[in-house]
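Observations on chain architecture
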Amino acid sequence: MVEFLQMGGHGFYIWTSYSIVLVVLLYTWLSPHYRRKRQLQSLLRQIRRQ
Amino acid sequence: MTPKRKRRLMITLFIVTGVSAATGLTLMSLNENINLFYSPSQIAAGESPHNATFRVGGMVVTGSVTRNARNLDVRFDLTDTVEQVSVHYSGILPDLFREGQGIVALGKMEGTVFRAEQVLAKHDETYMAPEIRDAINTANAGKPSAGEEDPY
Amino acid sequence: MLDNAPPRHARNWVWFHRFGSPEHCYRLSERWGPRAGVCAGALFMVGLYLGLVAAPPDYQMGNSYRIIFIHVPTAWMSLFAYVSMAISAAIGLIWKIKMGHCIARSCAPLGAAFTLCALITGSLWGKPTWGTYWIWDARLTSELILLFLYFGFMALDNAIENRRTAAQASAILAVVGLINIPIIHYSVEWWNTLHQGSTVLKLEGPTIDTRMLIPLLVMFFAINLYFISGLCSRIQCELLDSERSTSWVRRIAGG
């Protein structure tokens, strides 16, 4: 397991790049879902007010 | 398509071709500046800058690497299979530096010797498992004049 | 033939105009976005296992080459997302179809994310391989310009108050920036660079071990599905904004 994490001394470069990509892609994927939720809530409020 | 759409299509195509042509001509005139390095042949022909820092790229000649036992000084020859240039460097070499490997060095010409401040390893586009490389080397060992592949 | 049937040339364009219908596009995205997302997630798991565990190390670079499994797919997608963005922006510009600009707007943040990933992973791969994080060679510089093109598109689109003018101006920027795409792809052939040439898209066939090529292709399909999924949910957001006063949006929000 330790050997796998060390990746023959290149662990830092590999794990840093994989985690940055994970964070960037996860954020890019999740942000429109939260945005849509907010949009639908505010639309619903608007409809109820009328 | 309506004439209006056709007109907008023509305008868009016109802009794209115009910008492409302009960019193409600019890149063509900048050609030498976009290239990252000069080859040993270009240095031999006197095309490289004099008294200025520039990059040279080539393959490390097999058997040419001599290291100083006391410090980090290293001397080696670079080739583009036509001309050669001698390089002197003092410092830590990248892991991938080895004989037969393509490298790019940054530095200045001092007489006929290129004094490098930085040496970077160039990687080729071949990816192979170590045991396959060993198998190829064993197969080649039987044949005469089986050298390293030219990375260029 | 009935007299009131639409003329032949009009019927051939029906499918095209159906994509121009915002409600149709919203329903399509709602249905296919989550499915593509689930498939992408599963493929990512397979690709990561094959790439990080099953694939052998490289004979020269050892294990650092494993960055290829995220670097190359994100780099390919950064170009693909730009071409998709420019084509839909151009369709929006020429045919005045609202959906064109809506799709282009949705492509931009995804493309920028891919470009950012490609640049960061490339830099982290460059240090152990070349000996430097960054060099101003033709490939790296043109990819950085691509990131600025995405930022420029988004900034221009948001800076102009009038929606129609914003759509036109940003569409022209997207179409003009298309010239950068062949430059990025061929930069390693036209000029000498530190960056290596193409491995997979080569005339003589790929020069990579099959056990490395398979995870690379799996990751490529995964990230393609990720792009489709992300695009679908962004299209929904854009439509909820631009069509908020229409009856179909009210129906969706109300029920």
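Structure's up top.
This text gives an overview of the structure that appears in the document.

Criteria and thresholds
- Residues numbered from 1 in each chain as written.
- Chains lettered and ligands numbered in written order.
- Predicted model: local features only at pLDDT ≥ 70, side-chain atom pairs only at ≥ 80, totals over all residues.
- Heavy atoms only, no water.
- Contact = heavy atoms within 4.5 Å.
- Buried area = accessible area lost by both parts, 1.4 Å probe.
- Salt bridge = Lys/Arg side-chain N within 4 Å of Asp/Glu carboxyl O.
- Helix = DSSP H or I, 4+ residues; strand = E, 2+ residues; numbered from the N terminus.
- Nonpolar A, V, L, I, M, F, W, Y, C, P; charged D, E, K, R; others polar.
- Pairing = 2+ DSSP bridges.
- Buried < 20%, exposed > 50% of the residue type's maximum accessible area, 1.4 Å probe, protein only.

A closer look at the interface of chain A and chain C
Each partner contributes residues to the interface: chain A has 29 residues there, and chain C has 41 residues. Summing both partners gives a buried area of about 3,100 Å² for chain A against chain C, and 71% of it is carried by carbon and sulfur. Of all residues in chain A, Y13, Y18 and L25 of chain A bury the most surface against chain C, accounting for 21% of the area lost on that side. If you look at where chain A meets chain C, you find two salt bridges. Here R35 of chain A and E238 of chain C are joined by a salt bridge, their closest N and O atoms 3.6 Å apart. Take the side of chain A that touches chain C: its biggest share by element is 24 residues, from helix α2 (residues 11-49) of chain A. Of the residues in the side of chain A that touches chain C, the class split is 17 nonpolar, ten polar and two charged.

Details of the pattern of salt bridges
Overall, the coordinates contain eleven salt bridges over all chains when judged by the stated rule. In this structure, D209 of chain C and R211 of chain C form a salt bridge, with 3.3 Å as the shortest nitrogen-oxygen distance. Among the charged side chains, a network of salt bridges with common partners joins R35 of chain A together with R105, D157, R163, E238 and D241 of chain C.

Remarks on the pairing of strand β4 (residues 84-90) of chain B
Residues and elements named next belong to chain B. Both strand β3 (residues 73-79) and β4 contribute to a ladder of seven bridges, which runs antiparallel. Among the inter-strand pairings, R75 is bridged to a residue of β4, identified as H88. In this structure, the hairpin formed by β3 and β4 is closed by a connection of four residues, where T81 is found at a positive phi of approximately 75 degrees. For β4 and strand β6 (residues 113-121), the ladder comprises four bridges, and the chain directions are parallel. If you follow V87 over to β6, its bridge partner there is F114.

A few points about unusual backbone geometry
Residues and elements named next belong to chain B. For T81, which is not glycine, the phi dihedral falls at a positive 75 degrees. Within the secondary structure, T81 is located in the loop between β3 and β4. Using a relative accessible area of 56% as the deciding quantity, one classes T81 as exposed.

Scope: geometric values only; no functional claims are made or implied.
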